[in-house]
Amino acid sequence: MRVSGLRNYIIAVSALFFFAGQLLAQNGNNTVSVIDRDTILIGDQIKWSIRIPAEELEKTSGFMLPDKPGEIMRGVEILGGVTLDTLSLKNRVPEIEASVLITSFDSGSYQLPPFPIYLKRTDGTLDTLDMKAPKLEVLTIQVDTASFEPYDIKGQMTYPITFAEILPWILIVLGILLISYLVYRYVGYLRAKRAGKLSEVHKDPPHIIALRELDLLRGRKLWQEGKEKEYYTVITDILRAYLEARYSIQAMEKTSNEILEELSGKNMKPEQFQELSDLFSLSDLVKFAKYTASREENENAIPVAVRFVNSTFEEVLEEEKRG
């Protein structure tokens, strides 16, 4: 190996040693430099490197190493020159990693040698530090002593499959089965709906729903609290829903006059029609004309609605008996 290459290596490693010296001053322990792995076969190449933080480079004005020509130690050689990499910048001072390739052609255990580092502090003083280098194990290839040939490469080792390895596949299969079942049910639902085979959800008769809601409205005491507009709005909405179910008209989307006009063609007694017309007229006055209904009108509004619902429902029963 050329002396100039070794000097480049020593210069780079000296920077690494500076960082080691700072850690020694703080912690009282030698710093160990880093190699890729601590065990190799004869002829393998590994990288020996150390990182120099930027904050450590700010604390020195220079450093140097003694010249060590030749091998690092007997049995361990340097391949090529030192490589310097800038990892990052901090306050315009680079963080540096220095590395070099090393190899060995003799099996054995090698404690890479430490290097003395001479640091020149910013105040002009000098410090001498040692870096504790890593240990390297170099293995040889086993040879069959009967035939004096290297042993063949061993076959690939197999390990039993664990539950943790098959669990993701089990979950995937279960997920596929669940999705398939949901799709099957949904398709069946659509087919049944298209064929008209879905059973209708049981609902109370329209008159029962209307009478129940009118009774609940009576308990809310809206008009007694000065909420007359809301009171008549709820009454007419209940009657509109009942008329839709009873006479099959779009009562919720029509005005009072439109509803009455459409009901005039239905089979309805005059007194029933008149009571409904009077109640709708009173409701419109309260809701839209700011009319203040009397106490008697407010008290009679729900009974009129209940009487209308009961009388029209009784007509349905009579029609069913005649039919």
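Every chain is numbered on its own, with residues counted from 1 as its sequence reads. In view of the model being predicted, local features appear only for residues whose pLDDT reaches at least 70, and side-chain atom pairs are presented and counted only at 80 or more, with totals across whole chains, interfaces and linings using the full set of residues. Only hydrogens and water are set aside when side-chain values are computed; all heavy atoms of the structure are taken into account.

K.L.:
How should I be thinking about the nonpolar core in this particular structure?
P.N.:
A general feature of soluble globular proteins is that nonpolar side chains tend to end up buried together. Buried residues of nine kinds, namely Ala, Val, Leu, Ile, Met, Phe, Trp, Tyr and Cys, make up a nonpolar core once their side-chain atoms join them within 4.5 Å. For each residue, the accessible area found with a 1.4 Å probe, counting protein chains only, is set against the maximum for its type, and the residue is called buried under 20%, exposed over 50%, and partly exposed in between. Counting residues in each nonpolar core, the largest one holds 31 residues, and the members touching the most others are Tyr231, Ile235, Leu239, Leu243, Leu263 and Leu276. Only DSSP runs of H or I reaching four residues or more are called helices, and only runs of E reaching two or more are called strands; each is numbered from the N terminus. Where this core is concerned, the elements lending two or more residues are helix H4 (206-220), helix H5 (228-247), helix H6 (256-263), helix H7 (270-288) and helix H8 (295-322). Among the elements that make up this core, the one with the highest residue count is H5 (eight residues). Contacts are assigned to residue pairs with any non-hydrogen atoms lying within 4.5 Å of each other. Residues in contact with Leu276, not counting those within four places in the same chain, are Leu239, Leu243, Leu260, Leu263 and Phe308. Formed by 14 residues, the second largest nonpolar core is a distinct cluster that contains Ile40, Ile78, Leu112 and Ala133.

K.L.:
Quick question: what am I supposed to make of the confidence of the model for the protein chain here?
P.N.:
Reading fine detail from the predicted coordinates is not recommended where pLDDT is low. The predictor rates its confidence in each residue with pLDDT, a number between 0 and 100. Residues at a pLDDT of 70 or more form 68% of the protein chain, whose mean pLDDT is 77. Here residues 9-31 scores under 50 on pLDDT; set against residues more than four positions off or in separate chains, the count is 64 contacts.

K.L.:
I'm lost on H7 in this one. Help?
P.N.:
Helical geometry: 3.6 residues make up each α-helical turn, so side chains three or four residues apart lie on a common side. Between its first and last C-alpha, H7 extends 26 Å over 19 residues, near the 27 Å set by a 1.5 Å rise per residue. Within the span of H7, buried status applies to Gln272, Leu276, Ser277, Leu279, Phe280, Leu282, Ser283, Val286 and Lys287. Backbone geometry just after H7 places Lys290 at a positive phi near 55°. Residue count minus one, scaled by 1.5 Å, sets the expected span of a helix.

K.L.:
Looking at this structure, how should I read the environment of Val100?
P.N.:
For Val100, the position within the fold is in strand S6 (residues 93-104). Taking the C-alpha atoms as reference points, Val100 and Ser49, separated by 51 residues in sequence, lie 6.6 Å from one another.

K.L.:
Any chance you could explain the sheet that holds strand S10 (residues 135-139) here in plain terms?
P.N.:
Hydrogen bonds along the backbone pair up the strands of a sheet, which may run parallel or antiparallel. Here, a strand pair is defined by DSSP locating no fewer than two bridges between the strands. Strand order in the open sheet made by the three strands is S2-S10-S7, with mixed pairing throughout. Each having just a single partner strand, strand S2 (39-41) and strand S7 (108-111) make up the two edges of the open sheet. Looking at each pair of strands side by side, their axes are set apart by 25° on average, direction ignored. The pairing of S7 with S10 spans four bridges and is classified as antiparallel. The partner of Ser109 across the bridge, within S10, is Glu137. The convention used is that axes are lines fitted to C-alpha atoms, helices contributing only their stretch in contact, and that angles between N-to-C directions extend from 0 to 180 degrees.

K.L.:
Looking at this model, I keep getting lost on a nonpolar patch on the surface. Mind explaining?
P.N.:
Each patch groups residues whose relative accessible area exceeds 30% and which form no salt bridge, using 9 Å between like charges and 5 Å between nonpolar side chains of Val, Leu, Ile, Met, Phe, Trp and Tyr. Using a 1.4 Å probe, the Shrake-Rupley method yields the accessible areas, and only the shown protein chains count as cover for residues. By convention in these notes, a salt bridge is any Lys or Arg side-chain nitrogen within 4 Å of a carboxyl oxygen on Asp or Glu. On the surface, a cluster of nonpolar side chains totalling about 850 Å² of accessible area is made up of Ile161, Phe163, Ile166, Leu167, Ile170, Leu171, Val173, Leu174 and Leu177. Note that Leu177 resides in helix H3 (residues 163-194).

K.L.:
I would appreciate a short explanation of the packing of H6 against H7 in the present structure.
P.N.:
The angle between the axes and the distance between the axes are what describe a pair of packed helices. At a minimum axis separation of 10 Å, H6 and H7 run at an interaxial angle of 170°. One finds that H6 runs roughly antiparallel with respect to H7. Each of Ser256, Ile259, Leu260 and Leu263 in H6 lies in contact with H7, whose residues at this interface are Phe273, Leu276, Ser277, Phe280 and Asp284. Here the residues of the contact of H6 with H7 sort into six nonpolar, two polar and one charged. Working rule for angles: under 35 degrees goes down as roughly parallel, over 145 as roughly antiparallel, 65 to 115 as roughly perpendicular, anything else as oblique. Only Asp, Glu, Lys and Arg are considered charged, only Ala, Val, Leu, Ile, Met, Phe, Trp, Tyr, Cys and Pro nonpolar, and every remaining residue, Gly among them, polar.

K.L.:
Got a minute to help me understand unusual backbone geometry in this structure?
P.N.:
With glycine set apart, most residues show a phi of negative sign, and most peptide bonds adopt trans. Here Ser248, not a glycine, exhibits a phi torsion of approximately 55°, which is positive. Its location among the elements puts Ser248 in the loop between H5 and H6. Given the relative accessible area of 63%, Ser248 is considered exposed.

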